[in-house]
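The chain contents come next:
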Amino acid sequence: MIKLPESLSPALGPKKFSPSVIEGSLGKKPPEPAKPQRSASNDDDANGISVPVMGRIAAGVPISAIQHPTHSITVPPDMLTGGEHYALEVRGDSMIEAGIFDGDTVVIRDGSTANPGDIVVALVDDEEATLKRFRRKGASIALEAANPAYETRFFPPHRVKVQGRLVGLIRKY
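Below, the structure is looked at part by part. (Residues numbered from 1 in each chain as written. Predicted model: local features only at pLDDT ≥ 70, side-chain atom pairs only at ≥ 80, totals over all residues. Heavy atoms only, no water.)

This next bit is on the nonpolar core. I57, L88, V106 and L131 are the most contacted members of the largest nonpolar core, which totals 16 residues. Of all the secondary-structure elements, those providing two or more residues to this core are strand 1 (49-58), strand 4 (85-91), strand 5 (105-110), strand 6 (119-124) and strand 7 (128-137). Ignoring anything within four residues of it in the chain, the contact list for L131 reads I57, A58, A59, V90, S94, M95, I100, V106, I108, I119, V120 and V121. (Core = buried A, V, L, I, M, F, W, Y, C linked by side-chain atoms within 4.5 Å. Buried < 20%, exposed > 50% of the residue type's maximum accessible area, 1.4 Å probe, protein only. Helix = DSSP H or I, 4+ residues; strand = E, 2+ residues; numbered from the N terminus. Contact = heavy atoms within 4.5 Å.)

Structure below.
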């Protein structure tokens, strides 16, 4: 005797086909990325977010730290990665091989930590601010220029305070 599959068995009648569907995202609009937090004091417009310019930063010989806003600039919202931000006008040429030139404006995310290789605003001895690549060399902190004309400076950790990390650059022509 030959046994037919249940779906073809006349006694049970034909079974209805019911496919299992796994829903994907093909052809659907992706969700919008989270927007950076905006503080109530920012003058935002449709094209960007206002960020305070806190003065000048040395890309060369360190200069006295400036901690008061001089004016503000508008930056694209996708340049800001969450958290507080500020901008500094670059003076000097020690970071030219990193693409940072005298007269550029750097956008900095405020913070006190950095990973090796990050470009940071470093406060040396609580009085000199400089823009350099952050490195650790044994028990010392190395502030490394991106220009062979400048030597890497080494400090014990208690003399260097990271003030923020570079997240963007604005250049006017």
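To continue, consider the pairing of strand 8 (residues 140-144). By the bridge criterion, 5 bridges tie strand 7 to strand 8 in an arrangement that is antiparallel. The partner of R136 across the bridge, within strand 8, is I141. The antiparallel hairpin formed by strand 7 and strand 8 contains 2 residues in its connecting segment, where G138 sits at a positive phi of about 65 degrees. Of the pairings in the sheet, the one linking strand 8 to strand 9 (residues 153-155) comprises 3 bridges and is antiparallel in character. Along strand 9, the bridge assignment pairs A142 with F154. (Pairing = 2+ DSSP bridges.)

The next point concerns the side chain of S50. Within the secondary structure, S50 sits in strand 1. Taking relative accessible area as the criterion, S50 reaches 8% and is therefore assigned buried. A polar contact is formed between the side chain of S50 and the side chain of S72, at a distance of 3.3 Å. (Polar contact = N/O pair within 3.5 Å; in protein donor to acceptor, adjacent residues only side chain to side chain.)

Turning our eyes to something else, we now look at the pairing of strand 4. Counting buried residues in strand 4 gives 6 out of 7 residues, a clear majority hidden from the surface. Inspection of the sheet shows strand 1 paired to strand 4 by 4 bridges, in the parallel sense. Within strand 4, the position partnered with A58 by the bridge is R91. The pairing of strand 4 with strand 5 spans 5 bridges and is classified as antiparallel. When the bridges of strand 5 are listed, H85 appears paired with R109.

Scope: geometric values only; no functional claims are made or implied.
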